[in-house]
Every structure is written in C-alpha cells, then in structure tokens.
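Summary of structural features
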Amino acid sequence: MYPPEPWHLRGQMYLSVFLIPRRDLPALPPVLDDTVRPVTVGGRVAVGAAWVSYEPGGVLHYRELLSAVLVHERGRPRVSITDIWVDSVASREGGRRLWGIPKELAEFTLDAETEPLVDATITAPDGGGPIGSALIRLKGRLPGRYPLGFTVAQQLGEQVRRTPVRGRAGLRTATAAWRPEPDGPLAYLAGRRPVLSLAITDFWLTFGRSAQDRAKTRSA
C-alpha cells in the first residue's frame, strides 16, 4: 500500500515559523513528551507550519499541510510533527506505520498558478468542514541551492522513532497570511502572524533510512 523507506520525494514547500506560548501548544504523546523538550525563544516555542506539494519524480505525489514543534533531546535538535493532513492514503498509512507520524486525510486546494501568489485551502473529507487556508506571496529568489537536514522524532508504539531527513532546495523569501479556523485543530495558530516565511523550491529529499543504515543502527 505504501513504499518502503526511505522515501525519495520532490516538490515545493511553503513554510512559516510562529512563536507560540507553551501553554497553547498541543500536547505531545506521553513517551515523546518524556524524551524531548520544546525549544523556547523569549519564553515562546518555535512552531513551523507548511503547505507542501510533492510532485511527480518522487515515490509518491500528493499534497500536505503540517504543523511541527522544534524540540531538543539532550541538546540535540529535533522536529516533532503534531498535526498533519495529506490527500493520499498511501502517504497516510506509510507515515503512521513507518515513523509514527499522525497523518490524517483531507481535501486540498494548492494553487500556485497565479505567480507570485499561492492560494491554499484545506477541508476535512466528506464535507467535514474547513480546517484553514493561507495566502502566500512569493518574493525574491536566493542564489544557489541549499542543503536540508534535520531529524524527526515521533512516538511509534511505546518508543521514540528518530528519522533523518536530507536533501537540497532553492529558497525564496515570502510573506504569508494564515487563516486557520479558530475552533479547529490549528486554533493555536489563529490570529497569529509568522515571524518568518520562506518558499523551499524544487526540493528533493530523502525521508528515512535505507535497509543497510537501519541494520547499522540496530547493531550499534
């Protein structure tokens, strides 16, 4: 039903970073909450929210909206995904079973045809109502391509699963107006302005470990 890891993916990402009071954050699963701690900036926690279009050329192509908290594990930076929706059953099942990523299904509009504007909306499936929307305005391109590298930490069963993500991408500056539903699952972002927005363009990335790398990890 879904590809084995690692997943090789290509596409476009529209990322905004928010600073949120810790009391307003969604709770992490218990095992993960015992292992990691949020990274705070002036008493607030860094939260990244992103619309993603995974395009043909990777193992799957689909659309996604996610929200993730920047955390650390004994000083080592990690990213923990708290809310995420996709429009692919294969992506949902693979994300849940391989890495403990709590993917849900949703319906998307992600219109990037009217450059420099990107208009994004998400609704719950089967007429479940709106979850949120955003209007992103793309600005200048930064020269070159940049490395991407981070580790995703999720609770999988009764353990913490740590998954490497590696890749390269172009960058564009951007502004973004987010409009999450105030009584919806992203209510903690409602009425807030991001402190930073970027378009991560024409990326390629590898999500997860090869069988050889997994064997090395188990034997270490």
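To be clear, the structure that these remarks concern was listed above.
Residues numbered from 1 in each chain as written. Predicted model: local features only at pLDDT ≥ 70, side-chain atom pairs only at ≥ 80, totals over all residues. Heavy atoms only, no water.

1. Section: the layout of surface pockets
Gaps left between atoms show up when a probe the size of a water molecule is rolled over them. Considering only enclosed or pocket space, the largest pocket measures out at about 830 Å³ in volume. Every residue lining the largest pocket is counted, 37 residues in all, and those nearest its centre are M13, L15, V79, F150 and I200. Looking at the lining of the largest pocket, the elements with two or more residues in it are strand 1 (7–21), strand 4 (44–54), strand 5 (62–73), strand 6 (76–86), strand 10 (129–156), strand 11 (159–180) and strand 12 (196–207). Considered class by class, the residues forming the lining of the largest pocket number 33 nonpolar, 2 polar and 2 charged. (1 Å grid on protein atoms, 1.4 Å probe; cavity = no way out; pocket = protein on both sides within 12 Å on 5 of 7 lines; lining within 4 Å. Points joined across faces, edges and corners; volume = space filled by probe spheres on them. Helix = DSSP H or I, 4+ residues; strand = E, 2+ residues; numbered from the N terminus. Nonpolar A, V, L, I, M, F, W, Y, C, P; charged D, E, K, R; others polar.)

2. Some words on the pairing of strand 9 (residues 117–124)
Alternating residues of strand 9 divide into V118, A120, I122 and A124, all buried, and L117, D119, T121 and T123, none buried. Where strand 8 (residues 107–111) lies against strand 9, 5 bridges are found, and the strand directions are antiparallel. In the sheet register, T109 faces strand 9, and the bridge partner there is T121. Taken together, strand 8 and the strand that follows it, strand 9, pair antiparallel across an intervening segment of 5 residues. Bridge count for strand 9 against strand 10 is 8 bridges, and the pairing is antiparallel. Among the inter-strand pairings, D119 is bridged to a residue of strand 10, identified as L135. What sits between the antiparallel neighbours strand 9 and strand 10 is a turn of 4 residues, in which D126 has the positive phi angle 60°. (Buried < 20%, exposed > 50% of the residue type's maximum accessible area, 1.4 Å probe, protein only. Pairing = 2+ DSSP bridges.)

3. Section: the pattern of salt bridges
Enumeration according to the criterion identifies 9 salt bridges in this entry. Residue R78 is joined to E73 by a salt bridge in which the shortest nitrogen-to-oxygen separation is 3.1 Å. Here R78 and E73 have matching classes, each one buried. E73 is the salt-bridge partner of R162, the closest N and O atoms lying 2.7 Å from each other. In this pair, R162 sits in strand 11 while E73 sits in strand 5, placing the two residues 89 residues apart along the sequence. R162 sits in the partly exposed class, given a relative accessible area of 31%. Ionic contacts of the salt-bridge type, sharing partners, join the residues E73, R78 and R162 into one network. (Salt bridge = Lys/Arg side-chain N within 4 Å of Asp/Glu carboxyl O.)

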